[in-house]
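Fold and contact review
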Amino acid sequence: MLTPLRLAALPLALALLLAGQGAAHAFTAPFVLLDMMIKQSTKEALATPGHAEWCARSRPGYRPQWNNWRTPDGRVTYCSSPYYTVPWQPKR
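Observations regarding the overall build of the protein
Broken down by element type, the protein carries two helices and two strands. Each helix (α) and strand (β) of the protein, taken in turn from the N terminus, gives the series α-α-β-β. The buried share of the protein, reckoned over its 92 residues, is 22%. Surface accessibility of the protein: about 7,000 Å² in total, with carbon and sulfur atoms responsible for 69%.

In structure tokens:
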């Protein structure tokens, strides 16, 4: 049951909840944009004739659905071929 004290605390709780939303979106926005850029790049890479075949031949463990592979130390590396270069790597 809502007592007068709890009822009086509701506007404060709502204000604190809404105040935190801007900071949360500001933190996650770059990651959302980066995810969209990587997904778009992967679509372009897979649509480029010869790219996935070249990467599969030259990179052991190449994963075409993500256009990348894991290095022995666990890092993820994106494949750039003579047919397609990911936007964040220098042109070949």
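Some words on the nonpolar core
As a rule of thumb, soluble globular proteins bury nonpolar side chains together. Core analysis: the largest hydrophobic core is formed by six residues, namely A52, W54, C55, Y62, W69 and C79. In terms of residue count, the dominant contributor to this core is helix α2 (residues 51–58) (three residues). Within the second largest apolar cluster, five residues are counted, among which are I38, A45, Y78 and Y84.

Things to note about the pattern of salt bridges
One pass over the full model with this rule turns up one salt bridge. K39 is the salt-bridge partner of D35, the closest N and O atoms lying 3.1 Å from each other. Of this pair, D35 and K39 both sit in helix α1 (residues 4–47), four residues apart, which is roughly one turn of the helix.

Re the packing of aromatic side chains
By convention here, two paired aromatic rings are described through the distance between centres and the angle between planes. Per the counting criterion, the structure on display carries one aromatic pair. Arranged with centres 5.3 Å apart and planes meeting at 90 degrees, the rings of Y78 and W88 form a pair that is edge-to-face. In this pair, Y78 is assigned in strand β2 (residues 76–78) and W88 in the segment after β2, connecting sequence segments 10 residues apart.

Conventions we followed
- Residues numbered from 1 in each chain as written.
- Predicted model: local features only at pLDDT ≥ 70, side-chain atom pairs only at ≥ 80, totals over all residues.
- Heavy atoms only, no water.
- Helix = DSSP H or I, 4+ residues; strand = E, 2+ residues; numbered from the N terminus.
- Buried < 20%, exposed > 50% of the residue type's maximum accessible area, 1.4 Å probe, protein only.
- Areas by Shrake-Rupley, 256 points an atom, 1.4 Å probe, with all protein chains shown as cover.
- Core = buried A, V, L, I, M, F, W, Y, C linked by side-chain atoms within 4.5 Å.
- Salt bridge = Lys/Arg side-chain N within 4 Å of Asp/Glu carboxyl O.
- Phe/Tyr/Trp six-rings, centres within 6.5 Å; stacked < 30°, edge-to-face > 60°.

It is worth stressing that arrangement in space is one thing and function is another; only the former is reported here.
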